[in-house]
Amino acid sequence: MNTSTKLWGGRFRSELSTETEDFTQSIDVDSRLVPYDIWASQVHAIMLARQRIISDDDLRQILPWLRKAESDFRDGKFVLKPEKEDVHMNVESYLIEGAGSEYGGKLHTARSRNDQVLVDAHLYIREQLLDTQQGVSRLCRAFLSVAQKHTETVMPGYTHTQHAQPISLGFWATAYISMFLRDQKRLNAAYDLANLNPLGACALAGTSFPIDRDLTTELLGFDGTHEHALDVISSRDFIAEPLFALTMLMTTLSRLGEEVVYWTTYEFNIARLDDAYATGSSIMPQKKNADIAELTRGRTGKVYAALMDLLTNLKGLPTGYNRDLQEDKPPLWGAFDVIQSCLGILPGLLETLDFNTDRLELLANANFATATELANFLVSEQGLPFRKCHEIVGSVVGGLAKKEKTFEDWDETQKLLRSEGIDLSVAQLQHILDPKLSLRNNQSLGGTSPTEVKRMVGEFEAKLNEIDAQIRSRQERIDAAYQQTLRVIEQVLDGKTISEVTFD
Ligand code: ARG
């Protein structure tokens, strides 16, 4: 006699220990899957009826309870019970308790929790990816407005965190957009994987019931069906890919955080945070700290750890479902949470960041940042090999630095150049070593010149518009699929048989 109260309890002669229940349940992680579990269950039931695997009457009894489960969950009246193990068992039990097991007990025909958890996760992940893309796009637009305002604002570009060559602030800003556009591509690739239907793979081997996987693919708004049942059940690259995309994105956010932290220091003093995006100290009254940037940097490890967590989980698994795979979700959920909280706040921080353009210009003039321009001038005007010019300018810089002077000690600069056999007037020198001019001159494709930055701003803006349109149309497609499911349900509950129902 079966004494277990579990839906799978047939072969068990006693109840689970509470320790086993606690150890194996996944309720907290699953709670975000409830609406998706219900949607996929509705679609599965519709498909079963349409394929005559269950009857019209069965469907008519099942659908109202699934609909009620959805609204009860929204209203906080359907609370998931840990002793039911996971979201799937909770939803199915809710249905069975409402509709009775003669009806509710039929929903799980030709379905396994193995493909069920996958379809729920696919549905959830694709929406999270769209939300993430939207956040990235918002941040890009904040950078875009910095870029548009500052195509002529000079600042030092750095290598090794040492002055390298003058760039514009707009050039710096467009570098981030350029990086984020690749993040968008990675998120797109992840979306393509997530937007395939795993439902119908069943436990691992498909099923002998005449299911119609194309119908569930259509009703759930997927782009296609992930066919090979054993591959479907065994694979989690649809989780690894978004995680990798998030990892790279987080890397960029963290690097931005780092720049904000030191750009806003007293020592650098090239940007000031708006009061709304800074915090103070409980003891030191003067403090204004870049905590948002620091927390962004500090939370990066969570996202990296998530990717390692998942990859480590996968590496030793044999094909088929293994319970290890229940652990695939917390890392991705956590990574989405971190990324989305960062993307929620960083656009505002950037839009209100006040750049100290005077100091940027001062720094662009300082510390020999235009030395390369002088070498380039000697190449073009004196016909000397670049290596020779590098040496000449290097020795001028060395001579000036030794006396703690700069290029702007024009007479000294002139003198040192003369000793290398180069005769330039002070006016010429001032012209060659003007960082604004060096900006203008760097017109090579993708260079820092205002013309190039303006061109790239135009291109990036067009790309962002394209991405935003794609996000909107994908979201609309998902909404339309959901609405279609609701219309089918309405027709069934209005008394139509499944063969009379129109699937538009
Ligand atoms: N909670 C499980 C998971 O997240 C659902 C699938 C359970 N399947 C099973 N055969 N125990 O992976």
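Everything discussed here concerns the structure shown above.
Throughout what follows, the structure given in this document is the object of discussion. (Residues numbered from 1 in each chain as written. Predicted model: local features only at pLDDT ≥ 70, side-chain atom pairs only at ≥ 80, totals over all residues. Heavy atoms only, no water.)

### Structural notes on the overall build of the chain
The helix and strand tally for the chain stands at 20 helices and six strands. Computed over its C-alpha atoms, the radius of gyration of the chain comes to 31 Å, more than 25% above the 23 Å expected for a compact globule of 504 residues. By principal-axis analysis of the C-alpha atoms, the chain measures approximately 105 × 50 × 40 Å. Expressed as a percentage of the 504 residues in the chain, the buried residues total 50%. Intrachain contacts of the chain at a sequence separation of at least 6 include 74% that bridge at least 24 residues. (Helix = DSSP H or I, 4+ residues; strand = E, 2+ residues; numbered from the N terminus. Rg over C-alpha atoms; globule rule 2.2 N^0.38 Å. Buried < 20%, exposed > 50% of the residue type's maximum accessible area, 1.4 Å probe, protein only. Contact = heavy atoms within 4.5 Å.)

### Looking at the packing of aromatic side chains
Taken as a whole, this structure holds 18 aromatic pairs when the rule is applied. Relative to Phe180, the ring of Phe143 lies with its centre 6.0 Å away and its plane at 45°, an arrangement referred to as tilted. In this pair, Phe143 is assigned in helix 7 (residues 113–149) and Phe180 in helix 8 (residues 169–194), connecting sequence segments 37 residues apart. Judged on exposure class, the residue Phe143 and its partner Phe180 are both buried. One aromatic cluster is present, formed by Phe143, Trp172, Tyr176, Phe180, Trp263 and Phe355 through successive ring pairs. A cation over a ring is seen here: Arg11 above Phe12, with NZ or CZ 6.0 Å from the ring centre. If you follow Arg126 out to its NZ or CZ, it ends over the ring of Phe222, 4.8 Å from the centre. (Phe/Tyr/Trp six-rings, centres within 6.5 Å; stacked < 30°, edge-to-face > 60°. Lys NZ or Arg CZ within 6 Å of the ring centre and 35° of its normal.)

### Notes on the state of the cysteines
Here the structure, examined in full by the defined rule, presents zero disulfides. Of all cysteine sulfurs, the one in Cys140 lies closest to Cys342, which takes part in no disulfide; the gap is 15 Å. (Disulfide = S-S within 2.5 Å.)

### With respect to the site of the ligand
Surveying the vicinity of the ligand reveals the residues Ser26, Asp86, His88, Arg113, Asn114, Val117, Tyr321, Arg323, Gln326 and Lys329. Contacts to the ligand include Tyr321, whose side-chain N or O atom sits 2.5 Å from an oxygen atom. Out of a free accessible area of 340 Å², the ligand has 88% covered by protein chains. By residue number, the principal contributor to the shell around the ligand is helix 7, which donates three residues. For the shell around the ligand, the class distribution of residues is two nonpolar, four polar and four charged. (Near = heavy atom within 4 Å. Polar contact = N/O pair within 3.5 Å; in protein donor to acceptor, adjacent residues only side chain to side chain. Areas by Shrake-Rupley, 256 points an atom, 1.4 Å probe, with all protein chains shown as cover. Nonpolar A, V, L, I, M, F, W, Y, C, P; charged D, E, K, R; others polar.)

### Regarding the nonpolar core
Ile46, Ile125, Phe143, Trp172, Phe180, Leu253 and Trp263 are the most contacted members of the largest nonpolar core, which totals 123 residues. Among the elements that make up this core, the one with the highest residue count is helix 7 (17 residues). What Phe180 contacts, discounting residues up to four positions off in sequence, is Val136, Leu139, Cys140, Phe143, Leu249, Thr252 and Leu253. In terms of nonpolar packing, the next biggest core, distinct from the first, is built from 21 residues, Ile392, Trp410, Leu416 and Leu433 among them. (Core = buried A, V, L, I, M, F, W, Y, C linked by side-chain atoms within 4.5 Å.)

### Digging into the packing of helix 3 (residues 34–50) against helix 5 (residues 87–99)
One way to put it is that helix 3 packs onto helix 5 with a least axis distance of 10 Å and a crossing angle of 55°. Regarding the angle of helix 3 to helix 5, the classification is oblique. The interaxial crossing formed by helix 3 with helix 5 has right-handed handedness. Residues Val34, Asp37 and Ile38 of helix 3 form the contact with helix 5, whose own contacting residues are Val87, His88 and Val91. Here the contact of helix 3 with helix 5 is composed, by residue class, of four nonpolar, one polar and one charged. (Axes fitted to C-alpha atoms, helices over the stretch in contact; angles between N-to-C directions. Parallel < 35°, antiparallel > 145°, perpendicular 65-115°, else oblique. Left-handed = near helix turned anticlockwise from the far one by under 90°.)

### Focus: the packing of helix 7 against helix 13 (residues 329–351)
Where helix 7 meets helix 13, the closest approach of the two axes is 9 Å, and the angle between their N-to-C directions is 20°. Classified by the angle between their axes, helix 7 and helix 13 sit roughly parallel to one another. For the pair helix 7 and helix 13, the sense of crossing is left-handed. Among the residues making up the contact of helix 7 with helix 13, the classes are represented as 17 nonpolar, four polar and four charged.

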